[in-house]
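Observations on the model geometry
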Amino acid sequence: MSKVYETVIGLEVHVELATKTKIFCGCSTEFGGAPNTHTCPVCTGMPGSLPVLNKAVVEKAVAVGLATNCNITRNCKFDRKNYFYPDNPQNYQISQLYYPICRDGYVEIEVEGKKKKVRIHEIHMEEDAGKLVHEERSDSSLVDFNRSGVPLIEIVSEPDMRSAEEVIAYLDKLRLIIQYLGASDCKLNEGSMRADVNLSVREVGSEEFGTRTETKNLNSFKAIARAIENERERQIDLLESGEKVVQETRRWDDNKEYSYPMRSKEDAQDYRYFPDPDLVPVIISEEWIEKIKNSQPELRDEKIIRYKEEYDIPEYDIMIITASKKMADIFEEAISLGAAPKKVSNWLMGETMRLMKETDTEADNLKFSAENLAKLIKLIEDKAINGTVAKEVFEKVFAEDINPEKYVDDNGLRTVNDEGALRETIQKIIDANPKSVEDIRNGKQKAIGFLVGQTMKEMKGKADPSEVNRIIKEILG
Amino acid sequence: MVITDETIEYVGILAKLELSGEEKEQAKKDMTNMLEYVGKLNELDTDGVEAMSHAFPISNVFREDEVTNGDDRENLLKNAPDKKDGCYRVPKTFD
Ligand SMILES: [Zn+2]
């Protein structure tokens, strides 16, 4: 009988904090600047420069710690992690080893109806490294330090997960908490959230952990799921053939769907951590924690409860809308601009979801504003456009965030509300279709639909079909 | 405390330095001297004394989250031994 194995997974998640400036200097964290235009002596590691901690980094880290049920370290410090690599100008990364800012937390996840706690070992603050670009056909690399010193938190879980589904549920939970806190936009594909997977296997029932590997370079939930499956199989194959799992760091190649060990020659994992003498201790008082707690925005779980109480929309819709902070923001803002909750929810659940699927757009990347959605809804309410035209206009709102009022006017899409003109057209259609009129008089109600359709066509879609229907019935008595 | 050949080898790998035999001998001597110098501290009884990282009792030195630095690339790159397209140019490195 073959052995049954269990997968044991812990995660190291790096999250880029959404501050305006870097962690230790007043350089901008803005994305996409020309190389090295957001740098200074501190973040390029010039001798004699002095790092000064960004207060907002501490506050965001504490906010994440509180929202993940952690203990906040009242007296925390920074340490130097020494290693040599050209993306690291100081030859050490400022991080936290001995006194990380948060410890011993957990988040609750739900997979297939089963709830489970995933414990958080610690959260620490650190700085990001620069970026290396390898030159083609040359023996040199180019270094851009714009990302050097961008604030990160690293969230280290306990090895509490047992499947790819649990890992994804955990990451999704973290993403939502952090997004709702406004601490980061947490985009895996853009690197503002990065996950390294520590994985080992052991026989079911075994108390001891197997030898684990760490897999890096996972840029999507799909890549994470594939890499976990792949690494589990690889380790089981090794054990089954009597070999040993080597503790190492591996890099995932998502195109080829396999991982390979990162160069381990001379990769002595000896960072010789020691307290950073340039940075003084951070003492976090009870009052400060209270202040951060009190300024915490509404999180998803609270939002779900409130939506259920305030809005008459299905629970399923609430779950979908709140599954992205971006969508929840659009929803609430459109309502505050006067749109009916039910209407807004219908547009988000219907056309928005359809177009997201069609264009492969994630909810976090929606481009249209709540203002333009609210305007569109108003145009329909006022019967200025009908449903068909509205869908057409919304496609433009979705893609380019156009102002629907202006678009409707510019393209002459407004419904003709001049009843005289409408009646005239309807009379013309009735006169031209005596057969249909006869059918209607003989009780064939379906024929009304044909006349409505003909009228709409004649009006180039710019009429309210229910109004047309009403007038036809009135004329035909 | 004596620095062994293995230690010099290991520290060389960590620091990514290739030392000649002569340099290794010199480094061994220098490092032994340094350790002996600070070794004096081992004579003190430090039981129950909390490790200290700063000589002054200062804490909570912060900056507000406001951009204060502009683009000073040209100036910063002046120190670079080699540069290209606004970047520092280094020997080819892979991770
Ligand atoms: Zn800087």
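Residues numbered from 1 in each chain as written. Chains lettered and ligands numbered in written order. Predicted model: local features only at pLDDT ≥ 70, side-chain atom pairs only at ≥ 80, totals over all residues. Heavy atoms only, no water.

1. Overview of the domain arrangement of chain A
Residue and element names in this part refer to chain A. Our working definition: The domain limits used here are those given by an automatic or database domain assignment. Here, two residues are considered to be in contact whenever any of their heavy atoms come within 4.5 Å of each other. Buried area is understood as the total, over both parts, of accessible area removed when two parts are fitted together, assessed with a 1.4 Å probe. Throughout this description, the term salt bridge denotes a Lys or Arg side-chain nitrogen within 4 Å of a carboxyl oxygen of Asp or Glu. What qualifies as a polar contact is a pair of N or O atoms within 3.5 Å, subject to a donor-acceptor requirement within protein and to the restriction that residues adjacent in sequence count only when both atoms come from side chains. Residues were grouped as follows: Ala, Val, Leu, Ile, Met, Phe, Trp, Tyr, Cys and Pro as nonpolar; Asp, Glu, Lys and Arg as charged; and all remaining residues, including Gly, as polar.
In terms of domain boundaries, chain A breaks down into domain 1 (5–288), domain 2 (307–402) and domain 3 (419–475). Taken over C-alpha atoms, the centre of domain 1 sits 35 Å from the centre of domain 2. At the interface, five residues of domain 1 touch seven residues of domain 2. Each partner contributes to the roughly 580 Å² buried at the junction of domain 1 and domain 2, and carbon and sulfur atoms together form 40% of this total. A salt bridge links Arg175 to Asp364; its shortest N-O distance comes to 3.2 Å. Along the contact surface separating domain 1 from domain 2 lie five residue pairs in polar contact (both at pLDDT 80 or more). Grouping the amino acids of the side of domain 1 that touches domain 2 by side-chain chemistry returns two nonpolar, one polar and two charged.

2. Some words on the interface of chain B and chain A
Test applied: A run of H or I in DSSP counts as a helix once it spans at least four residues, and a run of E counts as a strand once it spans at least two, with each numbered from the N terminus.
Each partner contributes residues to the interface: chain B has 38 residues there, and chain A has 57 residues. Interface area, chain B with chain A, both sides summed: about 4100 Å², of which 57% is carbon and sulfur. Viewed at the interface, chain A and chain B are joined by two salt bridges. In this structure, B:Arg89 engages A:Glu135 in a salt bridge whose closest nitrogen and oxygen atoms are separated by 3.6 Å. Counting across the interface, chain B meets chain A through 23 residue pairs in polar contact (both at pLDDT 80 or more). Breaking the side of chain B that touches chain A down by element, the ones donating at least two residues are helix H1 (5–14), strand E1 (62–63), helix H3 (73–77) and strand E3 (87–91) of chain B.

3. Describing the coordination of the zinc ion
Residues and elements named next belong to chain A. Test applied: Here a donor is an N, O or S atom found within 2.8 Å of the metal, or within 3.2 Å if the metal is Na, K or Ca; sites may look incomplete because water is not among the atoms. In these descriptions, tetrahedral denotes four donors with every angle between 85 and 135 degrees, square planar four donors and octahedral six donors with opposite donors over 155 degrees apart and the rest between 65 and 115, and irregular any other case. Exposed residues in this analysis have more than 50% of their type's maximum accessible area, buried residues have under 20%, and partly exposed residues fall in between, with area computed by a 1.4 Å probe over protein chains only.
For the zinc ion, the protein coordination sphere consists of Cys25 (SG), Cys27 (SG), Cys40 (SG) and Cys43 (SG), at 2.3 to 2.4 Å. Here the zinc ion is ringed by four donor atoms whose angles at the metal span 99 to 114 degrees, and the overall shape comes out tetrahedral. Sequence positions of the donors to the zinc ion reduce to the motif C-x1-C-x12-C-x2-C. Taken together, the positions of Cys27 in the loop between strand E1 (5–16) and strand E2 (53–54) and Cys43 in the loop between E1 and E2 put the pair 16 residues apart, joining distant regions of the chain. In terms of burial, Cys27 and Cys43 fall into one category: buried.

4. Some details on the sheet that holds strand E10 (residues 140–144) of chain A
The condition that has to hold: Between any two strands, pairing holds if DSSP finds at least two bridges.
Taken together, the four strands give an open sheet; going across it, the order is E9(A)-E10(A)-E3(B)-E2(B), and neighbouring strands pair in antiparallel fashion. Bordering the open sheet on either side are strand E9 (131–134) of chain A together with strand E2 (83–84) of chain B, each of which pairs with just one other strand. Note: E2(B) against E3(B), two bridges, orientation antiparallel. Note on E3(B): the bridge partner recorded for B:Lys84 is B:Cys87.

5. Observations regarding the packing of aromatic side chains
For the record, the criterion: Any Phe, Tyr or Trp ring, taking Trp's six-membered ring, that has another such ring centre within 6.5 Å forms a pair; planes under 30 degrees apart are called stacked, those over 60 apart edge-to-face, and the others tilted.
Counted under the stated rule, the structure contains 13 aromatic pairs over all chains. Between A:Phe24 and A:Phe78 the ring centres are 5.5 Å apart and the planes differ by 80 degrees, which places this aromatic pair in the edge-to-face class. Pair noted here: A:Phe24 is in the loop between E1 and E2 and A:Phe78 is in the loop between strand E4 (75–76) and strand E5 (79–82), with a separation of 54 residues, a long-range link. Aromatic side chains A:Phe145 and B:Tyr88 sit 5.2 Å apart centroid to centroid with 55 degrees between the ring planes, which places their arrangement in the tilted category. Of the two residues, A:Phe145 sits in the loop between E10 and strand E11 (151–157) while B:Tyr88 sits in strand E3, which places them in two different chains.

6. A short note on the layout of surface pockets
All names here are of chain A. The criterion, for reference: Buriedness of a pocket was judged along seven lines, with at least five required to meet protein on both sides within 12 Å; pockets are open sets of points on a 1 Å grid over the protein atoms alone, cavities are sets where a 1.4 Å probe fits but cannot get out, and lining residues have an atom within 4 Å of a point. Grid points are joined across faces, edges and corners, and a volume is the space filled by probe spheres set on the points.
Quantified by volume, the second largest pocket comes out at close to 890 Å³. Taken together, 24 residues line the second largest pocket, and the ones lying closest to its centre are Arg175, Phe221, Thr361, Glu362 and Ala363. Breaking the lining of the second largest pocket down by element, the ones donating at least two residues are helix H2 (164–181), helix H3 (221–240) and helix H8 (341–359). Here the lining of the second largest pocket is built from residues that sort into 10 nonpolar, six polar and eight charged. No fewer than three residues from each of domain 1 (5–288) and domain 2 (307–402) sit in the lining of the second largest pocket.

7. Overview of unusual backbone geometry
If a residue is not glycine, its phi is most likely negative; likewise, a peptide bond is most likely trans. Residue and element names in this part refer to chain A. Phi angles above zero are rare outside glycine, and Cys186 is one such case at about 50 degrees. Positionally, Cys186 belongs in the loop between H2 and strand E12 (193–203). The exposure class of Cys186 is buried, given its relative accessible area of 2%.

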